[in-house]
Amino acid sequence: MYVVKSPLSDENLKTVSEALQGALVDLVDLSLVAKQIHWNVVGPRFRSVHLQLDEVVTTARGHSDTVAERAAALGVSPDGRAATVAVGSGIGVTPEGWVDDAAAVSALVDALGAVIARMRERIAATEEPDPVTQDIIITITADLEKHHWMFQAANG
């Protein structure tokens, strides 16, 4: 079996792989949470919230692929399996059943806030061992912060 060799030292690779795996788990869960709420949102702002949720899903899915491919490029096997995501995500419990539009927005503000906080920790952790990975995580965080701002503004 061919194994991809990382240019990073073992110590740096451990730090970076933990950051990438954590980012992958959070992004996969964020896409699932946003899609679950997307299917169940109701209320006067249904259409705008429904569409905004799909934008988060698209962002999270796109970035999860980038993160997984970065891990693979460094010789780390990415793990996006459901059981791994369920155990490792930093996002709280998603509302069950129908979700009114204000509660949907609040749930996304909370979910995005949790992921952003963890991404910022990963930015700090990867600064020294791998600026390339850090740059990827910075880009992801900027996109998530934009969504966070827009959802916060939606509930005034």
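Keep in mind that this is a model prediction, so the values were computed, not measured. (Residues numbered from 1 in each chain as written. Predicted model: local features only at pLDDT ≥ 70, side-chain atom pairs only at ≥ 80, totals over all residues. Heavy atoms only, no water.)

A.B. asks: Got a minute to help me understand the nonpolar core in this structure?
C.D. replies: Grouped burial of nonpolar side chains is what soluble globular proteins tend to show. Within the largest apolar cluster, 44 residues are counted, with the highest numbers of intra-cluster contacts made by Leu30, Leu53, Leu108, Met119, Leu144 and Phe151. If we skip the residues at most four places from it in the chain, Met119 touches Ala23, Leu27, Ile137, Ile140, Thr141 and Leu144. (Core = buried A, V, L, I, M, F, W, Y, C linked by side-chain atoms within 4.5 Å. Buried < 20%, exposed > 50% of the residue type's maximum accessible area, 1.4 Å probe, protein only. Contact = heavy atoms within 4.5 Å.)

A.B. asks: It is not clear to me how the environment of Leu32 should be interpreted in this structure. Could you clarify?
C.D. replies: As for its placement among the helices and strands, Leu32 is situated in helix H1 (residues 10-40). With 62 residues separating them in the primary sequence, Leu32 and Thr94 have C-alpha atoms 9.5 Å apart. (Helix = DSSP H or I, 4+ residues; strand = E, 2+ residues; numbered from the N terminus.)

A.B. asks: Please clarify how the UniProt feature "domain: Ferritin/DPS" (unreviewed entry) in the protein chain should be interpreted in this entry.
C.D. replies: The UniProt record marks residues 18-153 with the feature "domain: Ferritin/DPS" (unreviewed entry), using the residue numbering of this structure. Across residues 18-153, helical content stands at 79% and strand content at 3%; the span's end C-alpha atoms are separated by 33 Å. (UniProt positions renumbered as here; feature names shortened; annotations may be inferred.)

A.B. asks: What is the right way to look at the packing of H1 against helix H5 (residues 131-154) in this model?
C.D. replies: Angle between the axes and distance between the axes are the two parameters that describe a pair of packed helices. Running from amino to carboxyl end, H1 crosses H5 at an angle of 25°, the nearest separation of the two axes being 11 Å. Considered as vectors, H1 and H5 are oriented roughly parallel to each other. Where H1 crosses over H5, the handedness of that crossing is left-handed. Residues Val16, Ala19, Leu20, Leu27 and Leu30 of H1 form the contact with H5, whose own contacting residues are Thr133, Ile137, Ile140 and Leu144. Grouping the constituent residues of the contact of H1 with H5 by class yields 8 nonpolar, 1 polar and no charged. (Axes fitted to C-alpha atoms, helices over the stretch in contact; angles between N-to-C directions. Parallel < 35°, antiparallel > 145°, perpendicular 65-115°, else oblique. Left-handed = near helix turned anticlockwise from the far one by under 90°. Nonpolar A, V, L, I, M, F, W, Y, C, P; charged D, E, K, R; others polar.)

A.B. asks: What should I look at first to understand the packing of helix H2 (residues 46-73) against H5 in this one?
C.D. replies: Where H2 contacts H5, the two axes come as close as 11 Å, and the packing angle between them is 170°. Between H2 and H5, the angle is such that the two are roughly antiparallel. Contact residues: Gln52, Leu53, Glu55, Val56, Thr59, His63, Thr66, Val67 and Arg70 in H2; Val132, Thr133, Ile136, Thr139, Ile140, Asp143, Leu144, His147, Met150 and Phe151 in H5. Of the residues assigned to the contact of H2 with H5, the class counts are 9 nonpolar, 7 polar and 3 charged.

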